[in-house]
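Each chain, letter by letter, is given below.
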Amino acid sequence: APASAAATFASASFVEMAPDGCFLTDASGRYVDVNESGCRLFGATRADILGKTALDFTFPEDADAVRQVVAALRVDDVHRFEWRARRADGSGLDVEVHTRLLPSGGRQSILRDISERKQREHRQAQDRSALERLHAISTLDLSGQADTVLLDAILDAAIAATEADVGCIQILDPVTAELCIVAQRGFTADWLAFWSRVPAAQSGYGPALAKNERVIIADIEQSEPFAGAEMLAVQRRAGVRAMQSTPLVSRTGELRGIIST
């Protein structure tokens, strides 16, 4: 008996120290035990978790999928799946679940936080999308196509690559030294009217672009070029809060225009 008690204590201590969430349910699917890591995953106390089921921590649109997983479990077979858990504060958390059905009808489950991996996969997917767009641009057959086809394709690729919401391409008029919008996505009529033609020197980033340098404005509210100017109000009304502008330069190093997202 003492040896058995010691083994039980050692097992419980090991589970409590585990970095992954460990959960145990009864035959009705209600949690009867959880370790501290599991509490952290759900953002809840042990008392908040015990007595509840996985469906209490599942978004409504995912409930049927969870029910199907549970129905497919077989005794001692370990089933692995990914699940977006609904934490106590209502936020979502991507977890990898390893679960098995016990002879008693209960379930043992180990949950691992994979949110960083999911974010990395999302960024990689976006990068692939951007590369595919850029490849599409490089293979465009411009014969018989208007210049706008190429400009629109370039702009779409830039918006995807920078994960932006809106964007535009401005070409420099060599006669008037004005930047003129030749392609745009998502801007309001008010914004377009203001920026349709603007002197490059008064654009807010003229000096940097004159040196062919990219301009990144992380917060237009804190940007000196926009401070106290009408163009700040225009950006606010359009919902623009951060932006980047990249110069379009000829092979001889001359500024031809700007692509902004």
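Residues numbered from 1 in each chain as written. Predicted model: local features only at pLDDT ≥ 70, side-chain atom pairs only at ≥ 80, totals over all residues. Heavy atoms only, no water.

Colleague: Would you explain the sheet that holds strand S8 (residues 197-199) in this entry?
Modeller: Picture the strands of a sheet paired through backbone hydrogen bonds; they go either parallel or antiparallel. With respect to topology, six strands assemble into an open sheet ordered S8-S7-S6-S11-S10-S9, the strand pairing being antiparallel. Strands at the two margins of the open sheet, each flanked by one partner only, are S8 and strand S9 (215-217). The sheet shows a mean angle of 25 degrees between the axes of neighbouring strands, direction not considered. By the bridge criterion, five bridges tie strand S10 (residues 243-249) to strand S11 (residues 255-260) in an arrangement that is antiparallel. Bridging across to S11, leucine 248 finds its partner in glycine 257. Of the strands in this sheet, strand S6 (167-173), strand S7 (178-185) and S11 are in contact with helix H6 (residues 147-161), which crosses S7 at around 75 degrees. (Pairing = 2+ DSSP bridges. Helix = DSSP H or I, 4+ residues; strand = E, 2+ residues; numbered from the N terminus. Axes fitted to C-alpha atoms, helices over the stretch in contact; angles between N-to-C directions. Contact = heavy atoms within 4.5 Å.)

Colleague: When you look at the pattern of salt bridges in this model, what are you seeing that I'm missing?
Modeller: A side chain with one charge may pair with a side chain of the opposite charge, provided their charged atoms come close. Tallied over the full model, the rule gives 18 salt bridges. Among the salt bridges present, the one from lysine 118 reaches glutamate 82, with a minimum N-O distance of 2.8 Å. In this pair, lysine 118 sits in helix H5 (residues 115-138) while glutamate 82 sits in strand S3 (residues 78-86), placing the two residues 36 residues apart along the sequence. Across the pair arginine 84 and aspartate 94 runs a salt bridge whose closest N-O atoms are separated by 3.3 Å. Placement of the pair is arginine 84 in strand S3 and aspartate 94 in strand S4 (residues 92-101), with a sequence separation of ten residues. Arginine 84 gets classed as partly exposed once you look at its relative accessible area, which sits at 38%. When its relative accessible area of 19% is taken as the criterion, aspartate 94 is described as buried. Among the ionic contacts, a cluster of salt bridges with common partners joins Arg80, Glu82, Glu96, Arg117, Lys118 and Glu121. (Salt bridge = Lys/Arg side-chain N within 4 Å of Asp/Glu carboxyl O. Buried < 20%, exposed > 50% of the residue type's maximum accessible area, 1.4 Å probe, protein only.)

Colleague: Explanation requested: helix H4 (residues 63-71) in the structure shown.
Modeller: In an α-helix, one turn spans 3.6 residues; hence positions three or four apart end up facing the same way. Those residues of H4 lying buried are Ala63, Val66 and Val69. Down the axis of H4, the buried side of the element spans an arc of 120 degrees, and every buried residue falls inside it. Turned more than 90 degrees from where H4 packs its buried face, Asp64, Gln68 and Ala71 sit exposed. At its buried positions, H4 is contacted by S3. (Arc of directions from axis to C-beta.)

Colleague: Mind showing me how you'd approach the packing of aromatic side chains here?
Modeller: The geometry of an aromatic ring pair comes down to the distance between the two centres and the angle between the two planes. Following the criterion strictly, the structure yields nine aromatic pairs and no others. Aromatic side chains phenylalanine 23 and tyrosine 31 sit 5.2 Å apart centroid to centroid with 50 degrees between the ring planes, which places their arrangement in the tilted category. An aromatic cluster is present here, built from Phe23, Tyr31, Phe42, Phe57 and Trp83 joined pairwise through their rings. (Phe/Tyr/Trp six-rings, centres within 6.5 Å; stacked < 30°, edge-to-face > 60°.)

Colleague: How do you make sense of the environment of valine 34 when you look at a structure like this?
Modeller: One can find valine 34 in strand S2 (residues 31-34). Look at valine 34 and you get buried, because its relative accessible area is 5%. Taking C-alpha positions, valine 34 is 7.3 Å from glycine 21, a pair spaced 13 residues apart along the chain. If we skip the residues at most four places from it in the chain, valine 34 touches Cys22, Phe23, Cys39, Arg46, Ile49 and Leu50.

Read these as spatial facts, not as claims about activity.
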